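Close look at the chain arrangement
One letter stands for each residue in the lines below.
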Amino acid sequence: MEYNFTQIEKKWQDFWEENKTFKTTKDTSKPKYYALDMFPYPSGAGLHVGHPEGYTASDIISRYKRMKGYNVLHPMGWDAFGLPAEQYAIQTGTHPAITTKKNCDNFRRQIKALGLSYDWDREINTTDPKYYKWTQWIFSRLYNTWFDQDMQKGRPIDELPIPAEVEAKGKEAVREYVDEKRLAYYDDAQVWWCNHCKIVCANEEVLNDGSHEKCGTKEVVRKNLKQWMLRIPQYGERLIKGLDGLDWPEGVKDMQRNWIGKSTGAEVDFQLDGVDEKLTVYTTRPDTLFGATYMVIAPEHPALDVIVTEDQSEKVNDYMRAAALKSDLDRTDLAKEKTGVFTGRYAINPINGEKIPVWVADYVLIGYGTGAIMAVPAHDTRDFEFAKEFDIPVICILDPADATDEDSRAQVLAGDACWTEDGAYINSANADNGLDINGMNKADGIKTVIDWLGENKLGKATVNYKLRDWLFSRQRYWGEPFPIIHWEDGEVSIVEDENLPLVLPDMEKYEPGNSGESPLANAEEWLYVTDENGRKGRRETNTMPQWAGSCWYYLRYIDPTNDDAPFDSVQENYWMPIDLYIGGAEHAVLHLLYSRFWHKVLFDLGVVSTDEPYQKLYNQGMILAFAYENASGGKVPSDQVREEEGKFFHKETGEELKQIVAKMSKSLKNVVNPDDVTANYGADSLRLYEMFMGPLDATKPWAENGVKGVFGFLTRVHRFFANMDNIVEGEEDKEVLKLLHQTIQKVEGDINNLRFNTGISAMMIFLNLATKKGKVTKETAETFAQLLAPYAPHLGEELWELYGHSDTITYEPWPEVNESYIKEDTHNYPVQFNGKVRFQKEFAVDADRKAMEAAVLADERAAKWTEGKNVVKVIIVPKKIINIVVK
RNA sequence: GCCUCUGUGGCGGAAUUGGUAGACGCGCUGGAUUCAAAAUCCAGUUCUCGCAAGGGAGUGGGGGUUCGAUUCCCCCCGGAGGCACCA
């Protein structure tokens, strides 16, 4: 009897489909489990072996939870807006919706072939107007929400208090005031523009080398365009705090914290000399004010005109012009050499009345803090470099007394080295105003100075975030249209909920305009609107970025066909939060941060019931492939490689090659297609191998032989367990029973800890014993089928049916561990002498210590190690080890 | 430079709270089966000395704590990912 996986898998996939085996009910009486995969962008290339890794993991959990009696929500859908379909449309004229549908169909086919237990009745697609109606609806909520800093909460815009002085200025002023508070706003923004894609990119889509993440070209330039922005930094504090209660990988939490980049410090006002103007700086080290020897403002700083003096204006103007031509990137690239120009102006240090020069330099960024800094070269490395470059005095005010060696300390004190750590202040007192922090440490110094600044109205404690407003529009066709109308009188209005969705118009051409206009600007019938008063308006032609649809899709799965609301709130209340979210680490920051932001806004508005969406997050590791290189490091395509006795040779030249691990790539000819694996070994083998390769979160190389290995296992499982001659009635063998229950325990524990590789190994060990014994009872065989089913569901079902069951194994209760079978009466103790194992000796688990000690020492094998030596100590750890210390 | 993770046989990887390092799988070696091969089954497989019994070394390197360290602490080296003039 052969393991005909093709037939078995087809049979059960059809069965599941016909019987809607995995349909999730609305029964809220059972405990729930929401297992979510990051939904894919359905690319034309189809599935790669990386996809099934996370999908299989969450599928095993889902199947296990069903057997444990949970109501499980395990859905799949498509993040289907995106550039490739639109590029294809530009080239061929094919509507992106057609390409998208084709790709979704292909992805669905491939995913179904893996035997994943999704409830396909809940499939969603971000490009479906019935879906993006609610994406637009949420955008409306963002538009109509402001963030109340005092309450740390988003609130409806009509609850925004309007200050009397604004009210007094009239309607226009009020509107302006309100618009400035909305979480979504429309404004000029300096944006990155990719000349190749003809699209605006978010800062984070421009890579460090200046190339565009999506297309890889370096045709990214700065442009000023009207854009939609979201005020995500207002939620900075909430986004940081919320991380604390989440079961996420620490690294991902850290990355989000760093990205949000909260810093606490103070704003300090400096009076400028000779003009009636103040310059406000942001600093995290107000304690070092006594050491400030100059100031720097960013080249784009608006006060620069007032600050620069007549005789310096030419130099400064040249510098500003040069800086404007540089991108942020060029600025950081040239980080090694600091540039700058003296403005000719001096400012008064508020702490001691000293005059210090104001410079302009591009190492200060306009977008962070106040765009101006006080420079303390003795205690800031960047300022130190600048001061050395331009011969500006360095005054040490923090003595690293106990923290470093005498040489280094002397250098710091002399201003020849920079010290950013803690110490004791020197030169930090002013008798005139009573401020004296000499001798204090850093923490006390900061606090004392901030208090002093506050009392004297010269500054205040401030919090800053690196996180910037989120650029939320793209000049594209294939995205959600903004439900926004720009009226001829300058008013902006949002389309009422009852008129959503605002559907994308059909078009003939998808070419974006060169000037940054979206293709929608050419959809004239769609574009222009007139209200009941005859006022003319023009629809927003930007569309939303791909992030939009993925920011809330997990909520739509809860109630995917609801036309009256994004989802039913009773169901939402039941299903949220997501119990397990599995996906790639590449989404550690952007998707997860954006989506948490939206979720918090919805929470504040009472739309959702939890503050955080994803309770537990897990990142599957990347799957790499073996590749080959010759002695000189040249890569050799895999089809040119011959393997012999574990060594690798070039087929033509015979040269010996080194096996390395690299990303799968067409050029290396080492790309693995899941369809091929399924065809050759079956979906159960693919699933099992992906789980057996190693820990789920590890990066690991694909090895064809490994697939053969697990295929062999499944073949042996089938050969043994599907052969009814081996399945007998009667009492089970003690040894088999013991191992069976150990296996249940191991497999279950490993599922709960997402350590699938060792769970599989436990099943292999059990099969090895069963095969050796030659027979097992039916009860044992059924239990084994249940353990196997979450991993290899097709074979699990097949065996289950073979044992006489007519219904699916999916909802059979998970086997219980019977401790009495596992309990050991005796333990075979390793006996160590000075930490080295010399022999084994068996004792009862509850044996008396003294008796054990005597018995071990009396053992003839012990004599060799105790002879001529004194037994100093005997350590006995019950059920673990015996160690005898001799001297 | 900073943050996070990581380093174990020929390979992928196992080792509860510190307690027999190398489970399980691949590969390799030998054997059975076969006319032969594939497939399958059985045995062996960290390195090293030894015919063997039995020693010795060993988890990137160096130190430390401990009766005992892959596990805990310190320093160094290598690999992956992220951030990078954020004052």
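This structure is a prediction, so every number in the text was calculated from the model and none was measured.

Two elements in contact, helix α23 (residues 704-721) and helix α26 (residues 778-788), have axes separated by 12 Å at closest approach and are oriented at 155 degrees. Overall, the two elements α23 and α26 adopt an arrangement that is roughly antiparallel. Judged by the twist between their axes, the crossing of α23 over α26 is left-handed. Of the residues in α26, those touching α23 at F713, L714, V717 and F721 are A781, F784 and L788. Across the contact of α23 with α26, the residue classes break down as 7 nonpolar, no polar and no charged.

Confidence in the prediction of chain A, expressed as mean pLDDT, is 91, and 97% of residues score 70 or more. Here the predicted complex scores 0.93 on pTM and 0.95 on ipTM.

Mapped onto the elements, T21 comes out in the loop between α1 (5-19) and β1 (32-37). Distance from T21 to V747, taken between C-alpha atoms, is 24 Å for residues 726 residues apart in sequence. Ignoring anything within four residues of it in the chain, the contact list for T21 reads F15, W16, T808, T810 and Y811.

Spatially, 4 strands are ordered β37-β36-β39-β38 in an open sheet, and the strand pairing comes out mixed. Pairing within the sheet leaves two strands with one partner each, and these edge strands are β37 (836-844) and β38 (871-877). Direction aside, neighbouring strands of the sheet carry axes that sit 20 degrees apart on average. Looking at chain direction, β38 and strand β39 (residues 881-886) are connected through 6 bridges and run antiparallel. Bridged to V871 within β39 is V886. Against the sheet, helix α29 (residues 849-858) touches β36 (826-833), β37, β38 and β39, its axis set at about 125 degrees to β38.

W598 and F721 are the most contacted members of the largest nonpolar core, which has 150 residues in total. The element best represented in this core is helix α25 (residues 756-773), accounting for 9 residues. Once residues lying within four places of it in the same chain are set aside, the contact partners of F721 are I727, F766, L767, A770, V776, A781, F784, L799 and Y803. If you look at the next biggest cluster of nonpolar residues, it comprises 52 residues, including Y294, I307, A347 and L453.

This next bit is on the side chain of K32. Along the polypeptide, K32 turns up in strand β1. Look at K32 and you get buried, because its relative accessible area is 15%. At a separation of 2.6 Å, a polar atom in the side chain of K32 contacts the main-chain carbonyl oxygen of P577. At 2.8 Å, the side chain of K32 and the side chain of D579 are in polar contact. Once residues within four sequence positions are removed from consideration, K32 is found in contact with Y70, N71, Y574, W575, M576, P577 and D579.

Reading guide: rules and limits
Residues numbered from 1 in each chain as written. Chains lettered and ligands numbered in written order. Predicted model: local features only at pLDDT ≥ 70, side-chain atom pairs only at ≥ 80, totals over all residues. Heavy atoms only, no water. Axes fitted to C-alpha atoms, helices over the stretch in contact; angles between N-to-C directions. Helix = DSSP H or I, 4+ residues; strand = E, 2+ residues; numbered from the N terminus. Parallel < 35°, antiparallel > 145°, perpendicular 65-115°, else oblique. Left-handed = near helix turned anticlockwise from the far one by under 90°. Contact = heavy atoms within 4.5 Å. Nonpolar A, V, L, I, M, F, W, Y, C, P; charged D, E, K, R; others polar. pLDDT = per-residue confidence, 0-100. Pairing = 2+ DSSP bridges. Core = buried A, V, L, I, M, F, W, Y, C linked by side-chain atoms within 4.5 Å. Buried < 20%, exposed > 50% of the residue type's maximum accessible area, 1.4 Å probe, protein only. Polar contact = N/O pair within 3.5 Å; in protein donor to acceptor, adjacent residues only side chain to side chain.

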